[in-house]
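Here are the chains, one letter per residue:
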Amino acid sequence: TKLFPGPREASQFPKVPLLAVTGLELSKRQRRTLAELGMAVAPEWTPEITHLLADTFRRTTKMMCAICIGANIITIDYLKACKEAGRLIDADPYILKDDVCEAA
């Protein structure tokens with residue numbers, strides 16, 4: 001399964017997927033689920049981030065940086081699907097989309 005689609009070379013990825021969050025607040029339960037799945041949550045932006053969790057596209061520093069490095073920008077549904085699967089799964093079906101802006 002692909003956990004890290006994007007332009008970076010495989011050797012550049014950390015051993016542990018690293019998540020950042022923008023525009024949302026993770027609950028204690030969600031943070032625990034991420035830890036159980038083996039995904040760390042970064043309190044601040046770092047180029048090692050592999051996934052950005054967001055509910056919409058906003059021009060935040062984290063969003064712009066995630067776009068620039070080719071990180072997976074995912075919805076909360078990714079976390080739910082991983083929890084159901086009991087493991088980290090392919091992020092592609094959970095990539096954030098903005099149909100209105102993408103159609104313009």
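Note that this is a predicted model, so its numbers are computed, not measured.

Cut-offs applied
Residues numbered from 1 in each chain as written. Predicted model: local features only at pLDDT ≥ 70, side-chain atom pairs only at ≥ 80, totals over all residues. Heavy atoms only, no water. Buried < 20%, exposed > 50% of the residue type's maximum accessible area, 1.4 Å probe, protein only. Helix = DSSP H or I, 4+ residues; strand = E, 2+ residues; numbered from the N terminus. Pairing = 2+ DSSP bridges. Right-handed = clockwise from strand over helix to strand, strands pointing away. Salt bridge = Lys/Arg side-chain N within 4 Å of Asp/Glu carboxyl O. pLDDT = per-residue confidence, 0-100. Contact = heavy atoms within 4.5 Å. Core = buried A, V, L, I, M, F, W, Y, C linked by side-chain atoms within 4.5 Å. Patch = residues over 30% accessible without salt bridge, like charges linked within 9 Å, V, L, I, M, F, W, Y side chains within 5 Å. Areas by Shrake-Rupley, 256 points an atom, 1.4 Å probe, with all protein chains shown as cover. Arc of directions from axis to C-beta.

### Section: the pairing of strand S1 (residues 18-21)
Argument step 1. Neither face of S1 is exposed, since Leu18 and Ala20 on one face and Leu19 and Val21 on the opposite face are all buried.
Argument step 2. Direction of pairing for S1 relative to strand S2 (residues 40-41): parallel, over a ladder of 2 bridges. Counterpart to Leu19 in the pairing with S2 is Val41.
Argument step 3. Regarding the hand of the β-α-β motif, the stretch spanning S1, helix H1 (residues 28-37) and S2 is right-handed.
Argument step 4. Bridge count for S1 against strand S3 (residues 51-53) is 3 bridges, and the pairing is parallel. Counted as the bridge partner of Val21 is Leu53 from S3.

### Comments concerning the pattern of salt bridges
Argument step 1. Evaluated as defined, the whole model comprises 2 salt bridges.
Argument step 2. Residues Asp55 and Arg58 are paired through a salt bridge, measuring 2.8 Å at the closest nitrogen-oxygen approach.
Argument step 3. Between Asp77 and Lys80 there is a salt bridge; the shortest N-O distance is 3.9 Å. One end of the pair, Asp77, and the other, Lys80, are both in helix H3 (residues 76-85), 3 residues apart, so they sit about a helical turn from each other.

### Remarks on the confidence of the model for the protein
Argument step 1. On average, residues of the protein score 84 in pLDDT, and 82% of them are at 70 or above.
Argument step 2. Contacts from residues 4-11, a stretch scored under 50 in pLDDT, to residues over four places away or in other chains number 16 contacts.

### As for the nonpolar core
Argument step 1. Within the largest apolar cluster, 15 residues are counted, with the highest numbers of intra-cluster contacts made by Leu19 and Tyr78.
Argument step 2. Of all elements in the fold, only S1, H1 and H3 reach the threshold of two or more residues within this core.
Argument step 3. No other element matches the 4 residues that H3 contributes to this core.
Argument step 4. With 11 residues, the next largest nonpolar core counts Ala20, Met63, Ala71 and Leu96 among its residues.

### Points about a nonpolar patch on the surface
Argument step 1. Together, Phe57, Met64 and Ile67 make up a nonpolar patch on the protein surface, roughly 250 Å² of accessible area in all.
Argument step 2. With respect to the helices and strands, the residue Phe57 is situated in the loop between S3 and helix H2 (61-69).
Argument step 3. Accessibility expressed as a relative area gives 33% for Phe57, which makes it partly exposed.

### Concerning H3
For an α-helix, the turn length of 3.6 residues means that residues three or four places apart are oriented alike.
Argument step 1. For H3, every residue scored as buried is listed here: Tyr78, Leu79, Ala81 and Cys82. On an axial view of H3, the arc spanned by its buried residues comes to 165°, and they lie on one face.
Argument step 2. Looking at the buried side of H3, the elements it contacts are H1, S3 and strand S4 (72-74).
Argument step 3. One or two residues past the end of H3 sits Gly86, with phi positive at roughly 75°.

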